[in-house]
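Residue-level listing of the chains:
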Amino acid sequence: MSSTFFGLSIASTGLNAFQASINTTANNVSNAKTNGYSKQTVNLSASSALRTFEKYGSVGTGVTAASVTQMRDIYYDQKYWTNQSNYGYYDKKNYYMQQIEGYYTDSAANPGFSTIFGSMFDSMDQLQENAGDTSVRNEVISNAQKLTTYFNSTSERLSELQGSVNDEIKTTVDTINSSAQKIGLLNKQINVIEMQGGEANELRDQRALIIDDLSKIVSVEVNEDKVVNSNYPDMNTGATKFSLKVNGQTLVDNFNYRTMTTTARTEKYNQSDIDGLYDVAWADSGASIDFKSDALTGSLKALFELRDGNDNGNVTGKAAAT
């Protein structure tokens, strides 16, 4: 026969388990506005039964809060990261194309190419009819100077813009390197906690948030597998092996990570390019990275396309006949 207090013991397990649920709900509500936070849930399971010498064999001992885990699905993470890359690509292009569009604005307050070009040819038509008129000649010269000034100023502004994009490429590569390092450190911390039987929910949220930002820069491939005991394959060690790839190349391999380096070009691809445009390569192997690959997207690809334009990679051709 069970103890008089056995029922109270079972009741106490229920109170403790649902107290954990209430605390988890409070945590979820508190972090409703926290960027990157994933909703958490308490997983309840029946406590181990006690063996008795009665015909029913065993008796339940209550409920246990087995774990607190995230309500997060890697399938939707992958979908989000893919679309985030596409968004980053077009958002960055839109930002710089709006600036370029402003350089070619043609209005009464800010005359552009059409107005200036039209004024010059109007004055040349007048000169054709009044070739000996000094004022008409001066008008042609003045309008021609305005046109050349417009060309020169536009060229200077586009060169400055190319320089700004070039600087942003270097800054973006530094951001990728920093993100890779942070992910490697978080992987180690997550494994330490989860190999001891815990759930590193907050650290996983931090890692996912970094990948969210990284996926806007460049398209990523993420994979995480559980590590099992080699002698007992059905035994889960709690550890995981995490990898993150960029354009098929590994950026983060569990605790280890690779970095990228920027090197200024010694030769110009286009005659109008400014000096010192950066190319990007892997720091460990020196192999160049083609960020204009069709397999890639993201803001970094947009920066390369905006900066380089026709670098013999986007548009090529030759004269077939003359």
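The structure under discussion appears in the preceding block.
Chains are numbered independently. Their residues run from 1 in the order of the written sequence. The model is predicted, so local features are restricted to residues of pLDDT at least 70 and side-chain atom pairs to those at 80 or more, both for listing and for counting; the totals for chains, interfaces and linings are taken over all residues. Side-chain figures throughout are based on the complete set of non-hydrogen atoms in the structure, without hydrogens or water.

## Section: unusual backbone geometry
Then comes step 1: Although it is not a glycine, asparagine 247 adopts a positive phi angle of roughly 55°.
Then comes step 2: Numbering of helices and strands runs from the N terminus; a helix is a DSSP stretch of H or I covering at least four residues, while a strand is a stretch of E covering at least two. Assignment of secondary structure puts asparagine 247 in the loop between β6 (236–246) and β7 (249–253).
Then comes step 3: Only protein chains enter the accessibility calculation, which uses a 1.4 Å probe; a residue is then buried when its area is under 20% of its type maximum, exposed when over 50%, and partly exposed in between. Here asparagine 247 falls in the partly exposed class, since its relative accessible area comes to 29%.
Then comes step 4: Backbone geometry places asparagine 254, a non-glycine residue, at a positive phi of 60°.
Then comes step 5: Secondary-structure assignment places asparagine 254 in the loop between β7 and β8 (256–257).

## Examining the sheet that holds strand β5 (residues 221–228)
Then comes step 1: Taken in spatial order, the 4 strands line up as β5-β6-β7-β8 in an open sheet, and their pairing is antiparallel. One side of each edge strand has no neighbouring strand; the edge strands of this open sheet are β5 and β8.
Then comes step 2: Note: two strands are recorded as paired if DSSP finds a minimum of 2 bridges between them. Pairing between β7 and β8: 2 bridges, direction antiparallel. Among the inter-strand pairings, aspartate 253 is bridged to a residue of β8, identified as asparagine 256.
Then comes step 3: Whether two residues are in contact is decided by their heavy atoms, any of which lying within 4.5 Å being enough. Orientation is described by lines fitted to C-alpha atoms, with helices fitted over the stretch in contact, and by angles between N-to-C directions that extend from 0 to 180 degrees. The strands touched by helix α4 (residues 134–195) are β6, β7 and β8; relative to β6, the strand with the most contacts, the crossing angle is about 170°.
Then comes step 4: Its contacts with the sheet place helix α5 (residues 201–217) against β5, β6 and β7, and it is angled at close to 10° to β6.

## Examining the nonpolar core
Then comes step 1: Joining through side-chain atoms within 4.5 Å is the link that ties buried Ala, Val, Leu, Ile, Met, Phe, Trp, Tyr and Cys residues into a set, and such a set is a nonpolar core. Ranked by internal contacts, the top residues of the largest apolar core, which has 35 residues, are Val218, Leu244, Leu251, Met260 and Phe291.
Then comes step 2: Elements represented by at least two residues in this core include exactly α2 (74–103), α4, α5, β6, β7, β10 (278–282) and α6 (299–308).
Then comes step 3: By residue number, the principal contributor to this core is α4, which donates 9 residues.
Then comes step 4: Not counting the four nearest positions on each side in its chain, phenylalanine 291 is found in contact with Val218, Met260, Val280, Leu296, Leu300, Lys301 and Phe304.

## Section: the environment of glycine 309
Then comes step 1: By secondary structure assignment, the location of glycine 309 is in the segment after α6.
Then comes step 2: Measuring from C-alpha to C-alpha, the distance between glycine 309 and asparagine 270 comes to 8.9 Å, with 39 residues separating the pair along the chain.

## With respect to a nonpolar patch on the surface
Then comes step 1: Patches here are clusters of residues that have more than 30% relative accessible area and form no salt bridge, with a 9 Å joining cutoff for like charges and a 5 Å cutoff for nonpolar side chains (Val, Leu, Ile, Met, Phe, Trp, Tyr). A 1.4 Å probe and the Shrake-Rupley method give the accessible areas. Residues count as covered only by the protein chains that appear here. Each reported salt bridge corresponds to a side-chain nitrogen of Lys or Arg within 4 Å of a carboxyl oxygen of Asp or Glu. A cluster of nonpolar residues, Phe113, Phe117, Phe121, Met124 and Phe151, forms a patch on the protein surface that exposes about 430 Å² of accessible area.
Then comes step 2: Looking at the nonpolar patch, the element that brings in the most residues is helix α3 (residues 113–129), giving 4 residues.
Then comes step 3: Counting through the fold element by element, phenylalanine 121 comes out in helix α3.
Then comes step 4: Assessed through its relative accessible area of 37%, phenylalanine 121 is described here as partly exposed.

## What to know about the pattern of salt bridges
Then comes step 1: Going through the model one piece at a time under the given rule, you end up with 15 salt bridges.
Then comes step 2: With a closest N to O distance of 2.9 Å, aspartate 77 and arginine 72 form a salt bridge.
Then comes step 3: The class for aspartate 77 is buried, based on a relative accessible area of 12%.
Then comes step 4: Accessibility expressed as a relative area gives 31% for arginine 72, which makes it partly exposed.
Then comes step 5: Residue aspartate 253 pairs with lysine 241 through a salt bridge whose shortest N-O separation is 3.2 Å. Here the residue aspartate 253 occupies a position in strand β7, and lysine 241 occupies one in strand β6, the gap between them amounting to 12 residues.
Then comes step 6: Aspartate 253 gets classed as partly exposed once you look at its relative accessible area, which sits at 32%.
Then comes step 7: Overlapping salt bridges bring together Arg265, Asp279, Lys292, Arg307 and Asp308 as one network.

## Notes on the packing of α2 against α5
The geometry of a pair of packed helices is captured by two quantities: the angle between their axes and the separation between those axes.
Then comes step 1: One can describe the packing of α2 onto α5 by two numbers: an axis separation of 7 Å at closest approach and a directional angle of 40°. One way to sum up the angle between α2 and α5 is to call them oblique. Contacts from Tyr80, Trp81, Gln84, Ser85, Tyr87, Gly88 and Asp91 of α2 reach α5 at Ala208, Ile211, Asp212, Ser215 and Lys216.
Then comes step 2: Think of it as three bins: nonpolar holds Ala, Val, Leu, Ile, Met, Phe, Trp, Tyr, Cys and Pro, charged holds Asp, Glu, Lys and Arg, and polar takes everything else, Gly as well. In the contact of α2 with α5, the residues fall into 5 nonpolar, 4 polar and 3 charged. An angle below 35 degrees is read as roughly parallel, one above 145 as roughly antiparallel, one from 65 to 115 as roughly perpendicular, and any other as oblique.

## Things to note about the side chain of aspartate 308
Then comes step 1: Note that aspartate 308 resides in helix α6.
Then comes step 2: Setting aside its immediate chain neighbours within four residues, aspartate 308 contacts Arg265, Asn270, Leu277 and Lys292.

## Digging into helix α1 (residues 6–30)
At 3.6 residues per turn, the α-helix brings residues three or four places apart onto the same side.
Then comes step 1: Relative to the 36 Å expected for 25 residues at 1.5 Å per residue, α1 spans 36 Å between its end C-alpha atoms, a close match to the ideal helical length.
Then comes step 2: Residues of α1 that are buried: Phe6, Thr13, Gly14, Ala17, Ser21, Thr24 and Asn28.
Then comes step 3: Residues of α1 that are buried in the fold lie against β1 (40–46), β2 (50–51), β3 (58–59) and β4 (63–70). By this rule, a helix spans an expected 1.5 Å times one less than how many residues it contains.

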